[in-house]
Amino acid sequence: MTDSDRGRTGAREFDLILFGATGFTGRLVAEYLVKKRPSLRWALAGRSFGRLERVRNELATLEPSAKELPLLVGNSMDRAAMDRLVRRTRVLCTTAGPYARYGSALLGACAEQGTDYCDLTGETHWVREMIDTHHARAVETGARIVPSCGFDSIPSDLGVLMLHEALVARGGRLAEAHYRVLRMKGAASGGTIASALHAAERMGDPSVRRVLADPYALNPEGARSGPGPEDSFRPRKDPETGRWLAPFFMAPVNTRVVRRSNALLDQAYGHEFRYDETVDVGAGFTGLARAAMTSAGMVMSGAVAFAPVRMLAARLLPAPGEGPSREEREGGWFDIELLGVGTAGERVRARVGAKQDPGYGATSWMLGESALCLAQDELPRRGGLLTPASCMGMKLVERLRAIGMTFQVESAPQ
Ligand SMILES: NC(=O)c1ccc[n+]([C@@H]2O[C@H](COP(=O)([O-])OP(=O)(O)OC[C@H]3O[C@@H](n4cnc5c(N)ncnc54)[C@H](OP(=O)(O)O)[C@@H]3O)[C@@H](O)[C@H]2O)c1
């Protein structure tokens, strides 16, 4: 019997544990799952029984059956406790971040115990560290470990996969893809700000800076090069539409995930695959002015590398546990266009979006559906540190379409 078989043959008490259920995003994921009433055995987990009980009481006002949800207590810094916790479930979904601060023992426990895992991290340096430390063990135990199942990086990763599928269905192959944010409205939570500030603090370490500057930072050894990086803080004109493109602040995270997917999918998009992400800020002088302001804002955000700026930001911005109100979430949206270009120059366009703010409303749907996909869908039985596209692929696209998100190929390749 292999480690992988051993981890899976013993029946587990739960199909899914939601860890970090007391946090801002964790509460939204719990609410999503409670309203969906999935037919599985699941539980809420966190470090404080009292806080978990309060969350469960709130959930029971939305859906009375929530009062039956088991509550499990454990501190994520305690590796032995995390091993015991994750042995009880087939899937562990966690919103306890910053992940580089609170997530390593939990992810390591899942890799060791053959427990499938999904999270919301956008902390590339941490994911690299987790790949180096746990990928090989997760391959042995069969644990499917899937970081970045929120706004970073599902629209990017599954959007590109969708372009690839559309071209392959017509006998072609993807050579490049361009992601353009057309419209987006949302705000940040305290946990996201804490994660960004923690990442900025780590920038003091040259090895972290090297990882963050590497466009192939998440790729396996032997697949860590390709066409030159296309990350740039400079505004540029879209040669196709003549409109101005500004840098997108999540591109340094998402592009690494998409490139890892390509490597894990045996270079399905090709060794020469090119990918970039930008924001379409409009045409003419107004577009240029907006692009210049966005670029300047990105450069100035580098100031958080300095400790006094971080301290000020932590005091002025939302604290952990806080985030945009229900009205703000429901009044938010995002709309992304992806252009795929095939090896023969053929073009295909796709749209990804939702009528919810990207960071919390839509993210809680995406993470909730990722956890359900891992727990309920027939997926390739391959362990390791994976990506949404390489692990859940079109099964997850179908789930997200079914709940009303846009994942649509707009035009046949021409
Ligand atoms: N990728 C995306 O699109 C996306 C979107 C949204 C959020 N995120 C990320 O998700 C993470 C959470 O954000 P958030 O705003 O929900 O944060 P938050 O409100 O601060 O919640 C953090 C959670 O972690 C728990 N926690 C902290 N330390 C712990 C420990 N030692 N043991 C067990 N639990 C612990 C907290 O428990 P207590 O309640 O007991 O303090 C809380 O439940 C952040 O890293 C953020 O960047 C990503």
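Parameters and conventions
- Residues numbered from 1 in each chain as written.
- Predicted model: local features only at pLDDT ≥ 70, side-chain atom pairs only at ≥ 80, totals over all residues.
- Heavy atoms only, no water.
- Helix = DSSP H or I, 4+ residues; strand = E, 2+ residues; numbered from the N terminus.
- Rg over C-alpha atoms; globule rule 2.2 N^0.38 Å.
- Buried < 20%, exposed > 50% of the residue type's maximum accessible area, 1.4 Å probe, protein only.
- Areas by Shrake-Rupley, 256 points an atom, 1.4 Å probe, with all protein chains shown as cover.
- Lys, Arg positive; Asp, Glu negative; His and termini not counted.
- Charge placed at Lys NZ, Arg CZ, Asp CG, Glu CD.
- Near = heavy atom within 4 Å.
- Polar contact = N/O pair within 3.5 Å; in protein donor to acceptor, adjacent residues only side chain to side chain.
- Axes fitted to C-alpha atoms, helices over the stretch in contact; angles between N-to-C directions.
- Parallel < 35°, antiparallel > 145°, perpendicular 65-115°, else oblique.
- Left-handed = near helix turned anticlockwise from the far one by under 90°.
- Contact = heavy atoms within 4.5 Å.
- Nonpolar A, V, L, I, M, F, W, Y, C, P; charged D, E, K, R; others polar.
- Domains from an automatic or database assignment.
- Buried area = accessible area lost by both parts, 1.4 Å probe.
- Salt bridge = Lys/Arg side-chain N within 4 Å of Asp/Glu carboxyl O.
- Pairing = 2+ DSSP bridges.
- UniProt positions renumbered as here; feature names shortened; annotations may be inferred.
- Phe/Tyr/Trp six-rings, centres within 6.5 Å; stacked < 30°, edge-to-face > 60°.

Draft legend 1. Just the overall build of the chain, in detail. Check the secondary structure of the chain and you find 17 helices and 14 strands. The globule rule puts the C-alpha radius of gyration for 414 residues at 22 Å, and the 21 Å found for the chain is close to it. Judged by the C-alpha coordinates and their principal axes, the chain covers about 55 × 50 × 45 Å. Scored against the burial criterion, the 414 residues of the chain give a buried share of 55%. Carbon and sulfur atoms provide 54% of the accessible area of the chain, an area that totals close to 17,500 Å². The average position of the 53 basic charges and that of the 48 acidic charges among the side chains of the chain differ by 2 Å.

Draft legend 2. View of the site of the ligand. In the region of the ligand, 31 residues are neighbours, and Thr22, Thr25, Arg47, Ser189 and Ser195 sit closest. Thr25 is positioned such that a nitrogen or oxygen atom in its side chain is 2.8 Å from an oxygen atom of the ligand. The backbone of Gly321 places a nitrogen or oxygen atom 3.0 Å from an oxygen atom of the ligand. When the free accessible area of the ligand is taken as 940 Å², the share hidden by the protein chains comes to 93%.

Draft legend 3. Spotlight on the packing of helix 2 (residues 24–36) against helix 15 (residues 358–376). Two numbers describe how helix 2 lies on helix 15: the axes approach to 9 Å, and their chain directions differ by 60 degrees. Between helix 2 and helix 15, the angle is such that the two are oblique. Note that helix 2 runs across helix 15; the crossing there is right-handed. Facing helix 2, whose interface residues are Phe24, Thr25, Leu28, Val29, Tyr32, Leu33 and Lys36, helix 15 presents Tyr360, Thr363, Ser364, Trp365, Leu367, Gly368, Glu369 and Leu372. Here the residues of the contact of helix 2 with helix 15 sort into 9 nonpolar, 4 polar and 2 charged.

Draft legend 4. The side chain of Asp276, seen in detail. Along the chain, the position of Asp276 falls in strand 10 (residues 274–282). When its relative accessible area of 4% is taken as the criterion, Asp276 is described as buried.

Draft legend 5. Representation of unusual backbone geometry. Between Gly97 and Pro98 the backbone carries a cis peptide bond, its omega angle lying at 5 degrees. A cis amide bond links Asp152 to the next residue, Ser153, at an omega of 10 degrees. With respect to the helices, strands and loops of the structure, Ser153 is situated in the loop between strand 6 (144–146) and helix 8 (154–169). Non-glycine residue Arg37 carries a positive phi angle of around 50 degrees. Of note, Arg37 is situated in the loop between helix 2 and strand 2 (42–46). On the accessibility criterion, Arg37 (54% relative accessible area) is exposed. Backbone geometry at Ser148 places phi at a positive 65 degrees, although glycine is not the residue there.

Draft legend 6. Up close: the domain arrangement of the chain. Under the domain assignment, the chain is made up of domain 1 (3–150 + 363–396) and domain 2 (154–358 + 404–411). In total, about 3,000 Å² of surface goes out of reach between domain 1 and domain 2, with carbon and sulfur atoms giving 67% of it. Per-residue buried area on domain 1 facing domain 2 is highest for Phe24, His125 and Arg128; these three make up 22% of the total on that side. Along the contact surface separating domain 1 from domain 2 lie 1 salt bridge. Note that Arg326 and Glu31 form a salt bridge whose closest N and O atoms lie 3.2 Å from each other. For the pair domain 1 and domain 2, the interface holds 10 residue pairs in polar contact (both at pLDDT 80 or more). For the side of domain 1 that touches domain 2, the elements supplying multiple residues, two or more each, are helix 2, helix 5 (99–102), helix 7 (124–141), helix 15, helix 16 (388–391) and helix 17 (393–402). Looking at the side of domain 1 that touches domain 2, the element that brings in the most residues is helix 7, giving 6 residues. Residue composition of the side of domain 1 that touches domain 2, grouped by class: 15 nonpolar, 12 polar and 7 charged.

Draft legend 7. Structural view of the sheet that holds strand 7 (residues 174–185). With respect to topology, 7 strands assemble into an open sheet ordered 8-9-10-7-11-12-14, the strand pairing being mixed. Edge strands, defined here as strands with exactly one partner in the open sheet, are strand 8 (236–237) and strand 14 (406–411). Of the strands in this sheet, strand 7 and strand 10 are in contact with helix 11 (residues 251–264), which crosses strand 10 at around 145 degrees.

Draft legend 8. Up close: the UniProt feature "domain: Saccharopine dehydrogenase NADP binding" (unreviewed entry) in the chain. As annotated in UniProt, the feature "domain: Saccharopine dehydrogenase NADP binding" (unreviewed entry) corresponds to residues 17–146 in the numbering used here. Summarising residues 17–146: 52% helix, 18% strand, and an end-to-end C-alpha distance of 15 Å.

Draft legend 9. Looking closely at the packing of aromatic side chains. Considering all chains together, one arrives at 7 aromatic pairs under this definition. A centroid spacing of 5.5 Å and a plane angle of 70 degrees characterise the contact between Phe24 and Tyr360, whose relative ring orientation is edge-to-face. Note that Phe24 is positioned in helix 2 and Tyr360 in helix 15, a separation of 336 residues in sequence. Like Phe24, the residue Tyr360 is buried in the burial classification. Through pairs of rings, three or more aromatic residues link up here, namely Tyr179, Phe248 and Phe249.

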